[in-house]
Amino acid sequence: MKVLIAGGAGYIGSHCVKIMSEKGYDVVVLDNLSTGHRAAVKEKLYVGDIRDRAFLDDLFAREKVDAVIHFCAKSLVGFSMKEPLDYFHNNVYGTLVLLQAMEKAGVKKIVFSSSAAVYGDHEKMPITEDYPTNPTSTYGETKLMMEKMMKWAEIAHGFKYASLRYFNVAGADPDGTIGEDHRPETHLIPIVLQAALGKREFVEVYGNDYPTPDGTCIRDYIHVVDLIDAHIRALEYLMEGGESEIFNLGSQDGYSVLEIIEAAREVTGIDIKQRIAPRRPGDPAKLVASSEKIERVLGWKPLFGIKEIIRDAWRFHKTHPNGFDS
């Protein structure tokens, strides 16, 4: 099976490329390298943008792919609120052009990287797939619009899709060759590990007065290797004739900011400093996913716990202290 991985030079996409290649899939990679890294990809890489229809038509003509896994998106919630039109143009219009090119090429199977941000704020946990969708950020709104486009493309053109709504993805390939390298870095676990490396003086903890056991926000973390396993299962499900579906991806366990910092201290053996800062606007106290549906339908469940997630991330950060520029 030949699979196009769009956004395959990014953090999650590069892990998908590596793992699927090792499993024997014929992988073709597309990325514009705006946030991805050429050094993260060892397979065939087409450098271009999914908003460029001529580029996509040429790629699909050259590479007779059977399916697409779609990771291309801008994903920083804060920036999406400052530059909403840029996010709609990149995420929504980019997906529109990709679907048009797929329809022309007769490629009708797509696994899509969605987000828990489509749900907005909810009090009841864990969050299930039938919760109302009411995004509170431009980023979440773009992901929801991308899902809706796929639904209507199915009705009109016979597409089949699997939309995977992730919560917090972390970790790295266990061999330490690839990992998380964002510029700027906004995710908690790599920020904590940057402090362990001395690249930050301390970790800022945004608020310690939330209605949680230790007063800090609780989030659901999943290892990137577990995440890719879910994508592969979703792809195989579609290729075997499965109907379009939406799945949450999470561990069903939540860890607070202080628990993450303490786990990182144990894994690294370093006394990582922390400093309490004011709450950030819009941060919910707790976000935890139910993954009952994906376990029932696809047989997926996460294999890695929080210490394994931090252990593998630490292996990458120690050997790549400046990311892929190391």
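Rules and cut-offs
Residues numbered from 1 in each chain as written. Predicted model: local features only at pLDDT ≥ 70, side-chain atom pairs only at ≥ 80, totals over all residues. Heavy atoms only, no water. Helix = DSSP H or I, 4+ residues; strand = E, 2+ residues; numbered from the N terminus. Expected span 1.5 Å × (residues − 1). Buried < 20%, exposed > 50% of the residue type's maximum accessible area, 1.4 Å probe, protein only. Contact = heavy atoms within 4.5 Å. Pairing = 2+ DSSP bridges. Axes fitted to C-alpha atoms, helices over the stretch in contact; angles between N-to-C directions. Phe/Tyr/Trp six-rings, centres within 6.5 Å; stacked < 30°, edge-to-face > 60°. Lys NZ or Arg CZ within 6 Å of the ring centre and 35° of its normal.

S.K.: Hey, could you run me through helix 5 (residues 138–157) in this one?
M.R.: Given 3.6 residues per turn, any residue in an α-helix points the same way as the ones three and four places further on. A rise of 1.5 Å per residue sets the reference length of helix 5, with its 20 residues, at 28 Å; its end C-alpha atoms lie 28 Å apart and thus fit the reference within 8%. Buried residues of helix 5: Thr-138, Tyr-139, Gly-140, Thr-142, Lys-143, Leu-144, Met-146, Glu-147, Met-150, Ala-153 and Glu-154, and no others. Against the buried residues of helix 5 lie strand 4 (67–70), helix 3 (77–82), helix 4 (84–105), strand 5 (109–115), strand 6 (160–166) and strand 11 (245–249). A positive phi of about 80° marks Gly-158, the residue just after helix 5.

S.K.: Before we go on, may I ask you to explain the environment of Gly-8 in this structure?
M.R.: Within the secondary structure, Gly-8 sits in the loop between strand 1 (2–6) and helix 1 (11–22). On a C-alpha basis, the gap between Gly-8 and Tyr-237 in space is 21 Å, while along the polypeptide they are 229 residues apart. Setting aside chain neighbours within four positions, we find Gly-8 in contact with Gly-13, Ser-14, Val-17, Val-29, Leu-30, Asp-31 and Val-41.

S.K.: Sorry if this is basic, but what is going on with the sheet that holds strand 9 (residues 218–219) here?
M.R.: The strands that make up a sheet are held in pairs by hydrogen bonds between backbone atoms, and each pair lies either parallel or antiparallel. Spatially, 12-9-14 is the arrangement adopted by the 3 strands of the open sheet, whose pairing is mixed. Unpaired on one side and paired on the other, strand 12 (255–256) and strand 14 (286–287) mark the two borders of the sheet.

S.K.: Sorry if this is basic, but what is going on with the sheet that holds strand 11 here?
M.R.: Strands sit in the order 3-2-1-4-5-6-11 across an open sheet of 7 strands; the sheet is parallel. Each edge of the open sheet carries a strand with a single partner, namely strand 3 (45–47) and strand 11. Averaged over all pairs of adjacent strands, the angle between strand axes in this sheet comes to 20°, irrespective of strand direction. One ladder, built from 4 bridges, connects strand 1 with strand 4; its direction is parallel. Residue pairing for strand 4: Val-3 is matched across the bridge by Ala-67. Here helix 7 (residues 224–239) sits on the sheet and contacts strand 1, strand 4, strand 5, strand 6 and strand 11; the angle it forms with strand 6, its principal contact strand, is near 160°.

S.K.: Looking at this structure, how should I read the packing of aromatic side chains?
M.R.: Given two aromatic rings, one states the distance between the centres and the angle between the planes to describe the pair. Under the definition given, this model contains 1 aromatic pair. Against the face of Phe-247 rests Lys-293, its NZ or CZ located 5.4 Å from the ring centre.

S.K.: Is there a simple way to explain unusual backbone geometry in this structure?
M.R.: Excluding glycine, residues mostly carry a negative phi; peptide bonds, for their part, are mostly trans. Backbone torsion omega between Met-125 and Pro-126 reads -5°, so that peptide bond is classified as cis. If you trace the backbone, Pro-126 turns up in the loop between strand 5 and helix 5. For the bond running from Arg-183 to Pro-184, omega is 0°, close enough to zero to count as cis. Within the element layout of this structure, Pro-184 appears in the loop between strand 7 (168–170) and helix 6 (188–196). Backbone geometry places Leu-33, a non-glycine residue, at a positive phi of 60°. Counting through the fold element by element, Leu-33 comes out in the loop between strand 2 (26–31) and strand 3. Phi is positive for Gln-252, close to 70°, though the residue is something other than glycine.

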